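Summary of structural features
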Amino acid sequence: MSHVGVGPRAVMRSVAFLTAGVLAVPALAGCTSEESAGKPLAAQDVAAATRASVSDGGTLRWAVDSVPDTLNTFQSDADATTTRVAQAVLPSMYRMDENGSPVRNPDYLESAEVVDTEPKQVVVYKLNQQAVWSDGREIGAADFAAQWRALSGKDSAYWTARNAGYDRIEKIERGADDLEVKVTFSRPYADWKALFSPLYPKDVMGTPDAFNDGARRSLKVTAGPFTVKKVDTKADQVVLTGNPRWWGAPAKLDKIVLRAVPRDERVSELVAGKLDLAEIDPETADEVTLAAAPRDPATGTPLMGPQGSPAAGAQGRSAAEALRSWAVANGSDEEAAEEEILAREERREAEAKAARRQKALSGFEVRKSLEPAYTQLALNGSGGPLADERVRRAVARALDREKLAETVLKPLGLPAEPVGSHLALSGQPAYADGSGALGEQNAKEARALLADAGWVRGGPVKKDGEKAAGAEKDEKGENGENGEDKEKKKSEGDDDGTYIVGEDNKNAGDKNADSKNADSKNPDDKSDGGTDRESGEKHSSGKNTAQGGAPGAYAPKGTAAPAGSVAAPLAKDGKALTLRFVLPSGPGSETLRTVADRITDMLKDIGIGTEITKVPDESYFKDHIAAGEYDLALYSWPASAFPATDARPIYAKPVPAADGSLNVAQNYTRVGTDQVDQLFDRAMTTLDQKEARDLLRKADSRIWAAAGSIPLYQRPQLTVARKNLANAGAFGFETPVYEDMGFLEKGAQGSRPSAPSSSPSS
């Protein structure tokens, strides 16, 4: 499934938040390490098999999104394919396990431990004595030192994208022998296991020229089970072949070809037999699942469709339709018969083509899990209504995150649980659900927050060319009545700054406005009960006749309108409350747009209008998210095993630059607090893992309370794989083991996880 997101650790992450002192915030003691991190919501699905059951040889043709512009993961234009190549051809001291935690990689590292903390933190690495580069040289301290110098940030000639952790190293030296590397830190660093993964040879890191240009299109020296044979920009592919100097378990495959194939072309390439493995969208997953379903021996049609739905009959035509077609084709009306005969021929050709396509896809299966990344709703707090924390919190409290997760994940048969942390995902040690610091979905309290911020229903809206609340460029949001029209309806005694509760929905051209608005209220709203619908005495007509029978009760300006007043726009200082929701327009972003539609409806329920703007995929992030040209946006962040290091830039407080502008780095919500920064800093320096988890969970609680970023759901990971391909597919948290990938021996089968169960609906 295609989602707009930010790549893994090669890209610095940042989002930050503002806490308003005027708003009462729930107690933020934070979650403690006594709380269980749980387990991953979905296991990886790779058709796991023992090496003995995997045949030797063969080529794996793997679809990727692009041929990378660089093979150096520490450069700003590195992408997901850069990471994929690095995992297969370069050393990593640590790799991720099935829970998203770092584990020692024995192919390179015999041990690594902190041997001193006073006066300085010292870590000693003992390398595998067999570990050598592809040119025969031993991996050693010189490679560690070269990478540290390149990434320390002290030499601006190195064009690096990140230096987190390396800037805390004081020196690197040879240990007791050539296999020992001694690293001394100038400041304590809890995430030291994040360093030197991947590790590049000193040939790449030794000089600025080599770093900047030497590893962009080739890697002459490697040290993994595979080596880079060719980066072919004409054929749009990267070719990896086995490394003859590899000392570990030999690679089962002869070759891995990473081919750049657009997502909307992948199913055609699968049918043509040109791919073995590819990430896909839900529609392709349905088609592959249907093709692989059990078939009726008589007709050859699948017995069951996707998600267990009954399959259509032959070519989707009922017996009655087939009989009618035969009757017309053989009837007395020659003109109609000729047309039907031609139509039947066209259908036969289409059916034959569909049958060939289905047969080709029957050799594949869908492997699915949850990606180590989550999709969030970002709220730009740099200006406009969302600069007020009360409005941000109102937006957040309006969202039913469970329903949003179900919208995306339930149809795929994946666990539909909303993400409870900004800093980790379920199963990772730092995970705990901190969303309680913000509070559950509650439309009544959301409306109260907006009223407290001065946004009232039926308030005057200045006629200055702007759209009324709810107007949208893409026909989404509230079609609220213009506030100026409402002004004309007010009585002459309304000049004292009051407005009429109960008349917000009245429209001279709609006699049934009251009943319509009552019907539009969500009957399942958790919070409103029945009391908020009633505002004074009502007759059977539904009109309020309190205060001497005048239609409407008079209340001071700023009083919240009744819950049923959905259609009236909120306004303040002559401006309607309308938020600009920016979305990518590409074919791979249908899921994001569906989620945006659901969010729009939820915001409409509390009186917030949205104006949806769809922009090209290529400009979405650079020209809108990074530039701050949005109010609401959907994009993703990857999970990290090292949140103190990797998540801090996301949630750090923006810093004013020398020229007066705001230096936001990747802090795309432009909101931040000193307190959150301090908690990250403390977590980054303590070597006590329990204390670090407590600090991170406290930081997460405060991030939730600031409501600048609302995690929604863990992203689905859908892959289609040839049925006999083992140890590859939807990897989940775990780092792929490239040397174990291959095609099964005849008769052998890989193991698949049991179907994950979706969360029950509330």
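Here, every reference points to the structure presented above.
Criteria and thresholds
Residues numbered from 1 in each chain as written. Predicted model: local features only at pLDDT ≥ 70, side-chain atom pairs only at ≥ 80, totals over all residues. Heavy atoms only, no water. Helix = DSSP H or I, 4+ residues; strand = E, 2+ residues; numbered from the N terminus. Contact = heavy atoms within 4.5 Å. Areas by Shrake-Rupley, 256 points an atom, 1.4 Å probe, with all protein chains shown as cover. Buried < 20%, exposed > 50% of the residue type's maximum accessible area, 1.4 Å probe, protein only. Polar contact = N/O pair within 3.5 Å; in protein donor to acceptor, adjacent residues only side chain to side chain. Pairing = 2+ DSSP bridges. Axes fitted to C-alpha atoms, helices over the stretch in contact; angles between N-to-C directions. Phe/Tyr/Trp six-rings, centres within 6.5 Å; stacked < 30°, edge-to-face > 60°. Core = buried A, V, L, I, M, F, W, Y, C linked by side-chain atoms within 4.5 Å. Salt bridge = Lys/Arg side-chain N within 4 Å of Asp/Glu carboxyl O. Parallel < 35°, antiparallel > 145°, perpendicular 65-115°, else oblique. Left-handed = near helix turned anticlockwise from the far one by under 90°. Nonpolar A, V, L, I, M, F, W, Y, C, P; charged D, E, K, R; others polar. Patch = residues over 30% accessible without salt bridge, like charges linked within 9 Å, V, L, I, M, F, W, Y side chains within 5 Å. Lys, Arg positive; Asp, Glu negative; His and termini not counted. Charge placed at Lys NZ, Arg CZ, Asp CG, Glu CD.

Some details on the overall build of the protein chain
- For the protein chain, the count of helices and strands is 19 helices and 25 strands.
- Looking at the protein chain alone, contacts between residues at least 24 apart form 75% of all its contacts between residues at least 6 apart.
- Carbon and sulfur atoms make up 48% of the accessible area of the protein chain, which amounts to about 33,100 Å² in all.

Re the side chain of Asp191
- For Asp191, the position within the fold is in the loop between strand 7 (180-185) and helix 3 (202-205).
- Judged by its relative accessible area of 10%, Asp191 is buried.
- Of note is the side chain of Asp191, whose polar atom sits 2.8 Å from the side chain of Thr645.
- Among all residues touching Asp191, those that are not within four sequence positions of it are Phe642, Ala644 and Thr645.

As for unusual backbone geometry
- Along the chain, Glu118 connects to Pro119 via a cis peptide bond; the corresponding omega equals 0 degrees.
- With respect to the helices and strands, the residue Pro119 is situated in the loop between strand 4 (109-116) and strand 5 (122-127).
- Between Ser197 and the following residue, Pro198, the backbone shows a cis peptide bond with an omega angle of 5 degrees.
- Relative to the helices and strands, Pro198 resides in the loop between strand 7 and helix 3.
- The residue Asp236 is not glycine, and still its phi comes out positive at about 55 degrees.

Remarks on the sheet that holds strand 16 (residues 570-572)
- In spatial order, the strands read 13-16-17; together these three strands make up an open sheet with antiparallel pairing. Strand pairing shows two members of the sheet lacking a second neighbour, strand 13 (456-457) and strand 17 (575-576), which therefore form its edges.

So, the sheet that holds strand 7
- What the four strands build is an open sheet, ordered 4-5-7-6; its pairing is antiparallel. One side of each edge strand has no neighbouring strand; the edge strands of this open sheet are strand 4 and strand 6 (169-174). In this sheet, neighbouring strand axes are inclined to one another by 20 degrees on average, regardless of whether the strands run parallel or antiparallel.
- Here strand 5 runs beside strand 7; their pairing, made up of five bridges, is antiparallel. Note that in strand 7 the partner of Val124 across the bridge is Lys182.

Observations regarding the pairing of strand 10 (residues 255-260)
- Here strand 10 lies mainly inside the structure; five of its six residues are buried.
- Judged from the six bridges that link them, strand 1 (residues 59-64) and strand 10 form a sheet pairing that is parallel. The residue of strand 10 that forms the bridge with Arg61 is Val257.
- Alignment of strand 9 (residues 237-242) against strand 10, held across five bridges, turns out to be antiparallel. Looking across to strand 10, one finds that Val239 is bridged to Val257.

Some words on the environment of Leu592
- With respect to the helices, strands and loops of the structure, Leu592 is situated in helix 14 (residues 590-604).
- Taking the C-alpha atoms as reference, Leu592 lies 9.5 Å from Ala633; in sequence the two are 41 residues apart.

A look at the packing of aromatic side chains
- Tallying each qualifying case throughout the model produces 21 aromatic pairs.
- With centroids separated by 6.2 Å and ring planes inclined at 40 degrees, the aromatic side chains of Trp62 and Phe731 adopt a geometry described as tilted. Of this pair, Trp62 sits in strand 1 while Phe731 sits in the loop between strand 24 (725-726) and strand 25 (742-743), placing them 669 residues apart in sequence. Phe731 shares its class with Trp62; the two are buried.
- Taken together, the aromatic side chains of Phe74, Tyr94, Tyr125, Phe144, Tyr166, Trp192, Phe196 and Tyr200 make up a single cluster linked through ring pairs.

A short note on helix 11 (residues 443-452)
- Taken together, the buried positions of helix 11 are occupied by Ala443, Ala446, Arg447, Leu449, Leu450 and Ala451.
- On its buried face, helix 11 is in contact with helix 9 (389-398), strand 13 and strand 16.
- Two or three places before Lys444, at the opening of helix 11, Asn442 has a side-chain oxygen 3.2 Å from that residue's backbone nitrogen.
- Directly beyond the C-terminal end of helix 11, a positive phi value near 95 degrees is found at Gly454.

Quick word on the nonpolar core
- Within the largest apolar cluster, 102 residues are counted, with the highest numbers of intra-cluster contacts made by Met93, Tyr125, Phe196 and Leu240.
- Among the elements that take part in this core, helix 2 (residues 141-151) stands out by supplying seven residues, more than any other.
- Once residues lying within four places of it in the same chain are set aside, the contact partners of Met93 are Val103, Arg104, Asn105, Tyr108, Leu109, Tyr125, Leu127, Phe144, Phe196, Ser197 and Leu199.
- Leu379, Leu570, Leu577 and Ala596 belong to the second largest nonpolar core, which has 63 residues in total.

Describing the pairing of strand 6
- When strand 6 meets strand 7, the two strands line up antiparallel, connected through five bridges. Residue pairing for strand 7: Ile172 is matched across the bridge by Val183.
- Counting the residues between successive antiparallel strands, the hairpin from strand 6 to strand 7 contains five residues.

Side note on the pattern of salt bridges
- Taken as a whole, this structure holds 30 salt bridges when the rule is applied.
- Residue Arg263 is joined to Asp65 by a salt bridge in which the shortest nitrogen-to-oxygen separation is 3.2 Å. Of this pair, Arg263 sits in the loop between strand 10 and helix 5 (266-271) while Asp65 sits in the loop between strand 1 and helix 1 (80-89), and the two are 198 residues apart along the sequence.
- Its relative accessible area of 24% is what places Arg263 among the partly exposed residues.
- Note that Glu180 and Lys126 form a salt bridge whose closest N and O atoms lie 3.9 Å from each other. Taken as a pair, Glu180 in strand 7 and Lys126 in strand 5 lie far apart in primary sequence, 54 residues in all.

Quick word on the packing of helix 18 (residues 674-685) against helix 19 (residues 689-706)
- Packing of helix 18 against helix 19 brings their axes to within 9 Å, and their N-to-C directions diverge by 165 degrees. Between helix 18 and helix 19, the interaxial angle falls into the category roughly antiparallel. In the crossing of helix 18 with helix 19, the sense of the turn from one axis to the other is left-handed. When helix 18 is examined against helix 19, the residues Gln675, Val676, Leu679, Phe680, Arg682 and Ala683 are found in contact with a partner set consisting of Ala692, Leu695, Leu696, Lys698, Ala699, Arg702 and Ile703.
- For the contact of helix 18 with helix 19, a count of residues per class yields nine nonpolar, one polar and three charged.

Focus: the environment of Ala692
- Looking at the secondary structure, you find Ala692 in helix 19.
- The exposure class of Ala692 is buried, given its relative accessible area of 13%.
- Sequence separation between Ala692 and Phe680 is twelve residues, and the spatial gap between their C-alpha atoms is 8.9 Å.
- Not counting residues up to four positions away in its chain, the partners in contact with Ala692 are Ala683 and Thr686.

Re a negative patch on the surface
- A cluster of like negative charges, contributed by Asp333, Glu334, Glu335, Glu338 and Glu339, occupies part of the molecular surface.
- Along the chain, the position of Glu334 falls in helix 8 (residues 334-361).

Brief notes about the environment of Tyr374
- Of note, Tyr374 is situated in strand 12 (residues 364-379).
- Judged by relative accessible area, Tyr374 falls into the buried class, the value being 2%.
- With 51 residues separating them in the primary sequence, Tyr374 and Leu425 have C-alpha atoms 8.2 Å apart.
- Side-chain polar atoms of Tyr374 contact the side chain of Tyr651, separated by 2.9 Å.

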